[in-house]
Structure formats: C-alpha cells, structure tokens
Amino acid sequence: MANEHLIPIDIKDVKLLEWLVDRNIVNRLWNEQCGELRDLLKEVENGCPISELSQKIKPPLHYNLAKEVLHELDQSPYGSKNLIGSYTHDYTAKWARIVKLFEREQTFLADSARIIIQNVKYDIPLLRKQIARATQIKQDSIKKQTECNKNISKYQLKYKERCSEMGIGGHHIRSELENLVQDLPILMIKISNQLPTLTDTLNYYQEFARFLIDNPELEVCPMLLYVIKFGNVSVKQWQSGPLQNESDTDSSVEVIEPIGAADTDSNGCVVIETLKSDVDCSGDPVPCEYGVDDGTDVIDFGTHIDFGDDIDFGIEAVDYEGGEIDFGDVEISVVEDGEEKGKESLLENTNTRNKIVDELYELLAFLTSRRDELLKHGQSIISEIANCKKMGHQ
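All residue numbers here refer to positions counted from 1 along the written sequence of the relevant chain. Given that the model is predicted, a residue must reach a pLDDT of at least 70 before its local features are reported, and side-chain atom pairs must reach 80 or more before they are shown or counted; all residues, however, enter totals for whole chains, interfaces and linings. For side-chain calculations, the full set of non-hydrogen atoms in the structure is used, while hydrogens and water are omitted.

Considerations on the overall build of the chain
In plain terms, the rule: Numbering goes from the N terminus for both helices and strands, where a helix is a DSSP run of H or I of at least four residues and a strand is a run of E of at least two. Think of it in three bands: residues with accessible area under 20% of the maximum for their type are buried, residues over 50% are exposed, and the middle band is partly exposed, with areas taken using a 1.4 Å probe on protein chains only. It only takes one pair of heavy atoms within 4.5 Å for two residues to be counted as in contact. A 1.4 Å probe and the Shrake-Rupley method give the accessible areas. Residues count as covered only by the protein chains that appear here.
The secondary structure content of the chain amounts to 14 helices and zero strands. Taking all 394 residues of the chain together, the buried fraction comes to 19%. Counting only contacts in the chain whose residues sit at least 6 apart along the sequence, the fraction spanning at least 24 positions is 56%. Looking at the chain as shown, the accessible area adds up to about 32300 Å², and 53% of this sits on carbon and sulfur atoms.

Side note on the nonpolar core
Inclusion rule: The set of buried Ala, Val, Leu, Ile, Met, Phe, Trp, Tyr and Cys residues whose side-chain atoms join them within 4.5 Å is what this entry labels a nonpolar core.
Leu37, Ile57, Val69, Tyr91, Trp95, Ile98 and Phe102 are the most contacted members of the largest nonpolar core, which totals 31 residues. Elements with a minimum of two residues in this core: helix 1 (16-22), helix 2 (35-43), helix 4 (63-75), helix 5 (90-103) and helix 6 (107-166). Considering every element that reaches this core, the biggest residue donor is helix 5, with seven residues. By size, the runner-up hydrophobic cluster in this structure holds 19 residues, among which are Met188, Leu195, Val235 and Ile356.

Considerations on empty space enclosed by the protein
Note the following rule: Space inside and on the surface of the protein is sampled on a 1 Å grid over the protein atoms alone, with a cavity defined as a set of points where a 1.4 Å probe fits but cannot get out and a pocket as an open set with protein on both sides within 12 Å along at least 5 of 7 lines; lining residues have an atom within 4 Å of a point. Grid points are joined across faces, edges and corners, and a volume is the space filled by probe spheres set on the points. For this scheme, ten residues count as nonpolar: Ala, Val, Leu, Ile, Met, Phe, Trp, Tyr, Cys and Pro. Four count as charged, namely Asp, Glu, Lys and Arg, and the remainder, Gly too, count as polar.
For the coordinates displayed, the defined rule picks out one cavity of 30 Å³ or more. Taken as a whole, the largest cavity encloses approximately 70 Å³ of empty space. Lining the largest cavity, in full, are Trp30, Gln33, Cys34, Leu37, Leu101, Arg104, Glu105 and Thr107. Here the lining of the largest cavity is composed, by residue class, of four nonpolar, two polar and two charged.

Concerning unusual backbone geometry
Residue Pro59 is joined to Pro60 through a cis peptide bond whose omega torsion reads 0°. Here Pro60 lies in the loop between helix 3 (51-54) and helix 4. The phi angle at Asp214 is positive, at roughly 60°, despite the residue not being glycine. Of note, Asp214 is situated in the loop between helix 9 (199-213) and helix 10 (222-230).

Concerning the pattern of salt bridges
Convention followed: In what follows, salt bridge is the name for a side-chain nitrogen of Lys or Arg lying within 4 Å of a carboxyl oxygen of Asp or Glu.
Considering all chains together, one arrives at 12 salt bridges under this definition. Put simply, Arg210 and Glu207 hold a salt bridge, and the shortest N to O gap is 3.8 Å. Placement of the pair is Arg210 and Glu207 together in helix 9, with a separation of three residues, close to one helical turn. Here Arg370 makes a salt bridge to Glu373, at a shortest N to O gap of 3.0 Å.

Some details on the environment of Asp39
When you line up the elements, Asp39 lands in helix 2. For the pair Asp39 and Ile98, spaced 59 residues apart in the sequence, the C-alpha separation amounts to 9.8 Å.

Some details on the packing of aromatic side chains
The criterion, for reference: Stacked, tilted and edge-to-face are the three classes assigned to paired rings of Phe, Tyr and Trp, where Trp is represented by its six-membered ring and a pair needs centres within 6.5 Å; plane angles under 30 degrees give stacked, over 60 edge-to-face, the rest tilted.
Tallied over the full model, the rule gives eight aromatic pairs. Between Tyr63 and Phe102, the aromatic rings sit 5.9 Å apart at their centres with planes inclined by 70°, giving edge-to-face as the arrangement. Taken as a pair, Tyr63 in helix 4 and Phe102 in helix 5 lie far apart in primary sequence, 39 residues in all. The class of Tyr63 is buried, set by a relative accessible area of 9%.

Points about the side chain of Arg210
Rules: Two N or O atoms count as a polar contact when they lie within 3.5 Å, although within protein this holds only if one can serve as hydrogen donor and the other as acceptor, and sequence-adjacent residues are included solely when both atoms are side-chain atoms.
Of the polar contacts made by the side chain of Arg210, one reaches the backbone oxygen of Leu218; its length is 2.6 Å. For Arg210, the contacting residues outside a window of four places in its chain are Asn215, Pro216, Glu217, Leu218 and Glu219.

A word on the confidence of the model for the chain
How we decide: On a scale of 0 to 100, pLDDT captures the predictor's confidence in every residue.
Residues with a pLDDT of 70 or more make up 69% of the chain, whose mean pLDDT is 76. The model gives residues 245-264 a pLDDT under 50, and that stretch makes eight contacts with residues more than four places away or in other chains.

Focus: helix 6
For clarity, the cut-off: To get the bend at a residue, fit one axis to the 7 residues ending there and another to the 7 starting there, then take the angle between the axes.
The axis of helix 6 is deflected most strongly, by about 45°, at Asn119. For helix 6, the full list of buried residues reads Thr107, Ala110, Asp111, Ala113, Ile115, Ile117 and Cys163. On its buried side, helix 6 packs onto helix 1 and helix 5. After helix 6 finishes, the residue Gly167 shows a positive phi value of roughly 80°.

Quick look at a nonpolar patch on the surface
Threshold: Every patch collects residues that have over 30% relative accessible area and no salt bridge, joining them within 9 Å if they carry like charges and within 5 Å if they are nonpolar side chains (Val, Leu, Ile, Met, Phe, Trp, Tyr).
A cluster of nonpolar residues, Tyr159, Met166, Ile173 and Leu177, forms a patch on the protein surface that exposes about 330 Å² of accessible area. Those elements that place two or more of their residues in the nonpolar patch are helix 6 and helix 7 (173-182). Position of Tyr159 relative to the elements: it lies in helix 6. According to the relative accessible area criterion, Tyr159 is partly exposed, its value standing at 38%.

Focus: the packing of helix 5 against helix 6
This is how the line gets drawn: Geometry is summarised by axes, namely lines fitted to C-alpha atoms with helices restricted to the contacting stretch, and by angles between N-to-C directions that run from 0 to 180 degrees. To sort the angles, those under 35 degrees are grouped as roughly parallel, those over 145 as roughly antiparallel, those from 65 to 115 as roughly perpendicular, and the leftovers as oblique.
Running from N to C, helix 5 and helix 6 cross one another at 85°; their axes reach a closest spacing of 5 Å. On the basis of the axis angle, helix 5 is roughly perpendicular to helix 6. From helix 5, Leu101, Phe102 and Glu103 reach across to helix 6, where they touch Thr107, Phe108 and Asp111. Split by residue class, the contact of helix 5 with helix 6 holds three nonpolar, one polar and two charged.

Pasting the structure below:
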C-alpha cells in the first residue's frame, strides 16, 4: 500500500521510549548528550525581557514550549539578527540554541516520550487522588455549611429570645445594658410594690409547714415577709432590727440643755437645782467633799490654784519663715467599712437579693408540688380535710 506510513500503530505508553530507541529513531545515549541542553534550560528560566512571556517560562521546559517562546521573541524587538543570521540579543540566541539541540538527532521525541511516561505513571494518578480528595473535602464542606446555616438560624432565634427576656433589642448591647442599669431603681420599686400580693400565699405556705412539722413558731421565707411588711428598706435598717414608728418611741425622755450663763453664780460656780419631783431628799444630808457646806447648793472649786511658774509642757516655738501655711482646698471624707453597702436597699444588695430570689423559688417549688398533689389525690385530700375539720369541732 502506498499509504502504509499513515496507518496508526498501537504502542503501550510506558513502552514508547523503548520503541523509539529500538527502531533507531533516537540515539540510545540521548539522555547523556543532553548536558548542554539542561544547562541552557536552567539559564533561560529567569531573565526574560518580556514580562508577559516570562509567565509562560516555567518548568518543565520542553520542545514545544521552546519553539513557542522563540517565535514570540522573533516577533519582538529582541528578535533582530546580524549579517550572518545570528541573533544579536543573548537571551534570544540561547532559545535558538535550545531549539537546535532539541532537533538534533530527534532528541525532542525522546524527551516528549519521557514526559508522556512520567505523566501517565505518576502525575495523572496523583492528580486523580488530589481531585478525589478535593471532591470529598468539598462535599464535607457543603454538609458543614448546611449545618452551620441551620445553627445560625437556631442561635439567632435564641439570641433574640434572650435579648427579649433582658428587654433589649440586641443591636448595641453595651449601651442597651447601660440603659437597663438606669431603669433598675424603678424596676425594684415595682417589684417591692407587687410583693404584698404574695401575702396570702406565704401565709398558706407557713401554716402548711407549721402543721406538717408541728412547730407553731416556724417561719418560712423571712426575707420575703420582711420586705412585704417594711418595704424595700436599706440593708443597714434591716440589720438594725425591726423598724419603729414615731408613736412607739418613749415620749418621757427629757432633753438636757447645755449649761449657760444663767446657771452660774457671781463667782462663776455652777448652780445645781434639785428636781424635787424626781429626787428624794428626805434622808440625811451628805457632806460635799469640794468646798465648805454653808447651806447653799454651790460647789466651790476654789479660786486660787497655783500651777507654778516653771512648768515645762515641752512646746517649742517654731518660726515659719514662709508665712501662713496654706493647706489648699482639701476635703477629707471618712467612710466607714460597710457604709456604702449599708446604704443599698435589700433588692440592690447582692446577698439579700439572692436570698429573696431563693425564697421565691422555694415558694414556687412548694406551690408546684402542692398543685400536683391536689390534682393527683384531690378527692382523698378533700375528704381528709373534711374529717380534720369535724375532729377539730369535736
């Protein structure tokens, strides 16, 4: 047949290089003769004068890439030649030399066969593994993204619920919480005004506990009872004991006025007037140790007291050359320990507020358990209560 050379030949990929060597298409020592070619390829990896072309020059460098780079350099100003046909630019001359070395003894066929074998045996399987791994990571990421989107909506709902419980919008948390602190006094007043509505419930709880434990003096929820009775008073007032009204104070207390000029005699002595209504003077008179008993109620402290002339009190005169001492506008404020906490109200103080909250939970737990008992054993309990009433009347 005239076109036998056009008939394709099936050659195994890994045997391509061996087939080329066996058919003497390439030299058996082609790899050893490529020393100069490898050196030139290392030199031209860097130093390309065209920036767009330098992006293409990346290893592995092969024959087809070398022809493409040389063609673009020919079209550029760096492709000029001298009279003998050699390239004037050194970088372009190196690429021309590389193309000639590839074409000598058809070395480019052996190099291309080597690249094909490397791609089939190593590079392509590696890329397949990387693709499979990347696909798995992508699927896992999609699942995680779906779960995260679900969690986002769930936590956004929880966040809105928590903000609504706290009474804030959740847009500017810091400023909104600071505004809540300013509303705390009003909120505490409302709470203290609403606590008296629990009086009947507390009485029921207390009577139930007293009956159950058989202790008529038992007191439950003392903090709640105190706030209901006296209001949201300060911690200091709560610690000092129960409050007293003005009508409960003793009105028989007399105020002792300071001694004035009218209470002294002409000699400067203090005159003591006896309150005959309060002092019993029917007994024998007791002599006064100060002065002489001359029948008057005057204490004589003496008018001639000699303190001496040479008493040294240890005081030395200090001469301040700077004139008067200026202490400035210094204000000294002494705060006793616990004074600031004593000014707090019962609902403002952390310890007392926690006690009140605990007692509210205690009352809630009692009412819940009592409700369940009544719902479960309602009829039997009602009959027992009726029997108890009859026994009480008897």
